Amino acid sequence: VSSYSDGSLCLHRFHPNSTSLVEEERWDAHTLFGCPSEVWTCCFAASASTGHSALSNDGTGVVISGGDDCTLKLWDVRTQLSRPMAKVGTTEFDAGVTAVSYHPTAEHVAAVGSYDEVVRLYDVRNWKEPLCRINVGGGVWRIRWHPKVDGRILVGAMHGGCRIVTVGGFGNR
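Analysis parameters
Here, residues in each chain are numbered from 1, in the same order as that chain's written sequence. With the structure being a predicted model, the display of local features is reserved for residues of pLDDT at least 70 and the display and counting of side-chain atom pairs for 80 or more, all residues being used for whole-chain, interface and lining totals. The basis for every side-chain value is the complete set of heavy atoms in the structure, and neither hydrogens nor water enter the calculation. By definition, two strands form a pair when at least two bridges between them are found by DSSP. Runs of H or I in DSSP of at least four residues are treated as helices and runs of E of at least two as strands, each being numbered from the N terminus. Salt bridges, as used here, are contacts in which a Lys or Arg side-chain nitrogen is within 4 Å of a carboxyl oxygen on Asp or Glu. Patch definition: residues above 30% relative accessible area lacking any salt bridge, with like charges linked at up to 9 Å and the nonpolar side chains Val, Leu, Ile, Met, Phe, Trp and Tyr linked at up to 5 Å. Values of accessible area rely on a 1.4 Å probe in the Shrake-Rupley scheme; residue burial ignores everything except the protein chains shown. Throughout, exposure labels follow a simple rule: accessible area from a 1.4 Å probe, protein chains only, divided by the maximum for the residue type, with under 20% read as buried, over 50% as exposed, and the rest as partly exposed. Throughout this description, the term nonpolar core refers to a set of buried Ala, Val, Leu, Ile, Met, Phe, Trp, Tyr and Cys residues connected via side-chain atoms within 4.5 Å. Contact definition: two residues touch when any of their heavy atoms are within 4.5 Å.

So, on to the sheet that holds strand 3 (residues 20-28). Read across the open sheet, the three strands follow the order 1-2-3; overall the sheet is antiparallel. Bordering the open sheet on either side are strand 1 (2-3) and strand 3, each of which pairs with just one other strand. Where strand 1 meets strand 2 (residues 8-15), two bridges bridge the pair, whose relative direction is antiparallel. Each bridged residue has a counterpart across the sheet, and for Ser3 the counterpart in strand 2 is Leu9.

Applying the stated criterion across every chain yields a total of nine salt bridges. Connected through shared salt-bridge partners, Glu92, Asp116, Arg120, Glu129 and Arg133 make up one network.

Together, Trp40, Trp141 and Met158 make up an exposed nonpolar region whose accessible area comes to about 290 Å². One can find Trp40 in strand 6 (residues 39-44). Its relative accessible area of 32% is what places Trp40 among the partly exposed residues.

It is worth spelling out the nonpolar core at this point. Ranked by internal contacts, the top residues of the largest apolar core, which has 18 residues, are Ile64, Leu72, Phe93, Tyr102, Val112, Tyr122 and Trp127. Those elements giving two or more residues to this core turn out to be strand 7 (62-67), strand 8 (72-76), strand 9 (86-88), strand 10 (97-102) and strand 11 (109-114). Core analysis: the second largest hydrophobic core is formed by 16 residues, Val109, Val136, Ile153 and Val167 among them.

All right, on to the environment of Val63 then. Of note, Val63 is situated in strand 7. For Val63 and Val1, which are 62 residues apart along the polypeptide, the C-alpha to C-alpha distance reads 7.8 Å. Setting aside its immediate chain neighbours within four residues, Val63 contacts Val1, Leu9, Leu11, Cys43, Phe44, Lys73, Leu74, Trp75 and Val77.

Here's what the structure looks like:
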């Protein structure tokens, strides 16, 4: 899955015999005031170690995206892509959603960053309220989970620099 400055998301498939990347599906995902809005981030909603998700059996059926329109959206790519299956909007985010990283082993946890300087952890089964919010002192550019230490996150933030954040107790929720 890839994101674009024209507000769209795209699913691709790599064909090893021809060594080419083929666009399979493209849809308009984010808009602001009726115009396309930069989509800063996207990922499949699946843990890296198991390939599974709390939302789809094989981890390839659900995509998470975030954009300059201050929204985080969850897309079921197995159905019509005209509307997201879930959306977290401007009542939660004060600026564009810039980074999303699915937990490497927990099949229901995603970390989400924004220009509003906050990293939020979500249980993807319930987007109504984040599990926690962590202010990192700068707009969030990147988020990476530690591959072996549960709850440890590396965050690249604009004015806050690079930070290691440890969050406990979320894996069993």
